[in-house]
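Below, each chain spelled out in residue letters.
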Amino acid sequence: MVEDNAGDRWFYSELLQARGYQVRVCESGEEAWEEFRADPPPLVRVDLMLPGMDGAELCRRIRKHPRGWEPLILAVTGRDEPDSMAEILEAGADDFIRKPVAPQHFSVRMAIAERRILDRTERRGTEAELQFKTWEREQLFRNLPDVFFSVDVTEGRLIQVSPAAEALFGHPLGALMADPRLWRIYLLPASQDEVAWDAMRHSEPGARIVREYVVRRPDGGEAWVRASISVVRDPRSGHLRADGFVADITEEWQAAATLALHNREMAALYRISELSLASESPEKAYAAILQEVARVMDVPVVLLERLDRSSDRIVVVAALGAPLPEGALLEIPLHQTPSGVAVQTGRPLVDRDPRTRRDLAHEAVRALEPRLWASFPLSAAGVVSGTLTLVDRVPRNV
């Protein structure tokens, strides 16, 4: 409270203390300014007519302080000219009271001020929480190894791309943002029959694209990557927007190539995987396949999975070493199991440590506690119709 009149200091102190406030009393604007700089309070009650620095100047100084937005300023004045009231508010006061003030009137104005203080505190708390969440997302965006990006498909413009792009693609972020030719090549290159980003303009919201390809860096290095993209409608602009990420899967491809070319057990597995899911006696065929695979590969868990295209789910039709729901089939969304990658790409997936995979999401999948995950696409009439999946709970050097 800033007040040079001793009687008013006592009067307002009593009223404020009766409302539960701890009151710091200052007799001049200079003293109040030093008190504020030391510890800003939530409420400042200031008399405008003060010796030396007047109340209006004190208000202006408070509002210029880094924490000057925090307090609610209640000005008290004996003047009632319109110009004086405008000066008070322009200086930074939130409200004003004319002297003399009846206790009942002061109580009403304080109740209004307290509601404003509470609203302001809650709003700033929400803003601080939002700022923290934004900071958390920015840190995640900057530190994850995968390249995350957003593209305005309608305008053909790269909105944002994460810093990991520099290491994976070998180009500065500024160059990628400025040159559409660069980001189109690296984020999703043209296929043999279409320019991917041009074709995406005709996509429907909800479309998903998964593609694996080689990126070649300016230094001559290469990497196999997997791009996963979702097409959505931007609610603000109405434009089509593509949000996605590009992951380095070079190790997966090297492992798959080694398995395909040099591993005797894998050759036997491929012969088994050519069996049709439409067997005349499926239960016996499934049991024989699973037992043979488990014996040859020396793994405890083998799954035979069928693709349900109508619902984008993997249906586990037979399992060895893993329980199935009694009286029902286990259905898993494609994006919640590593098997979904093998189904979508038509290529084997081998992960020697899948514990950090994003698609290791379904409860039944996590319950397997995998340290090795290998899924091999099964085909019928040239179309992928399911997978044969091997799971081991101990690390394997395959």
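A brief look at the structure comes next.

Rules used throughout
Residues numbered from 1 in each chain as written. Predicted model: local features only at pLDDT ≥ 70, side-chain atom pairs only at ≥ 80, totals over all residues. Heavy atoms only, no water. Pairing = 2+ DSSP bridges. Helix = DSSP H or I, 4+ residues; strand = E, 2+ residues; numbered from the N terminus. Axes fitted to C-alpha atoms, helices over the stretch in contact; angles between N-to-C directions. Buried < 20%, exposed > 50% of the residue type's maximum accessible area, 1.4 Å probe, protein only. Right-handed = clockwise from strand over helix to strand, strands pointing away. Contact = heavy atoms within 4.5 Å. Phe/Tyr/Trp six-rings, centres within 6.5 Å; stacked < 30°, edge-to-face > 60°. Lys NZ or Arg CZ within 6 Å of the ring centre and 35° of its normal.

Thoughts on the sheet that holds strand β9 (residues 301-308)
Okay, step 1: The sheet built from six strands is open, its strands ordered β11-β10-β9-β14-β13-β12 with antiparallel pairing. Each edge of the sheet is formed by a strand with only one pairing partner; in this case those strands are β11 (330-333) and β12 (349-351). Strand after strand, the sheet turns through a mean of 25° between neighbouring axes, direction not considered.
Okay, step 2: In this sheet, strand β13 (residues 372-380) lies alongside β12 in antiparallel orientation, the contact comprising three bridges.

Looking at the pairing of strand β1 (residues 43-47)
Okay, step 1: Where burial is concerned, most of β1 is hidden: five out of the five residues are buried.
Okay, step 2: Along β1, one buried face is formed by Leu 43, Arg 45 and Asp 47 and the opposite face, lined by Val 44 and Val 46, is buried too.
Okay, step 3: Remark: the β1/helix α3 (residues 55-64)/strand β2 (residues 72-77) crossover connection has right-handed handedness.

Concerning the environment of Pro 66
Okay, step 1: Mapped onto the secondary structure, Pro 66 falls in the loop between α3 and β2.
Okay, step 2: Take Pro 66: its relative accessible area is 68%, and that puts it in the exposed class.

Looking at the sheet that holds strand β5 (residues 157-161)
Okay, step 1: The strand order across the open sheet formed by five strands is β5-β4-β8-β7-β6, and the pairing between neighbours is antiparallel. Strands with a single pairing partner mark the edges of an open sheet, and in this sheet they are β5 and β6 (208-216). The average angle at which neighbouring strand axes cross in this sheet is 25°, direction not considered.
Okay, step 2: Across the face of the sheet, helix α8 (residues 180-187) comes into contact with β4 (147-152), β5, β6, β7 (222-233) and β8 (240-248) while running at roughly 105° to β6.

A short note on unusual backbone geometry
Okay, step 1: With omega at -10°, the peptide bond leading from Lys 99 into Pro 100 counts as cis.
Okay, step 2: Along the polypeptide, Pro 100 turns up in the loop between β3 (95-98) and α5 (103-143).
Okay, step 3: Despite not being glycine, Asp 298 shows a phi value in the positive range, around 55°.
Okay, step 4: Examined against the element boundaries, Asp 298 turns out to sit in the loop between α12 (282-297) and β9.
Okay, step 5: For Asp 298, a relative accessible area of 58% corresponds to the exposed category.
Okay, step 6: Residue Ala 381 is not a glycine yet carries a positive backbone phi of 55°.
Okay, step 7: In this fold, Ala 381 is placed in the loop between β13 and β14 (383-392).
Okay, step 8: Ala 381 gets classed as exposed once you look at its relative accessible area, which sits at 86%.

Things to note about the packing of aromatic side chains
In this description, an aromatic ring pair is defined by two values, namely the gap between the centres and the angle between the planes.
Okay, step 1: With the rule as written, the count across this model stands at eight aromatic pairs.
Okay, step 2: Considering the side-chain rings of Trp 33 and Phe 36, the 6.3 Å spacing of their centres and the 10° angle between planes classify their relative orientation as stacked. Of this pair, Trp 33 and Phe 36 are both found in helix α2 (residues 29-38), three residues apart, which corresponds to roughly one turn of the helix.
Okay, step 3: Put simply, the rings of Phe 11, Tyr 12 and Phe 106 pair up and form one aromatic cluster.
Okay, step 4: A cation sits over an aromatic face here: Arg 358 above Phe 245, 4.9 Å from the ring centre.

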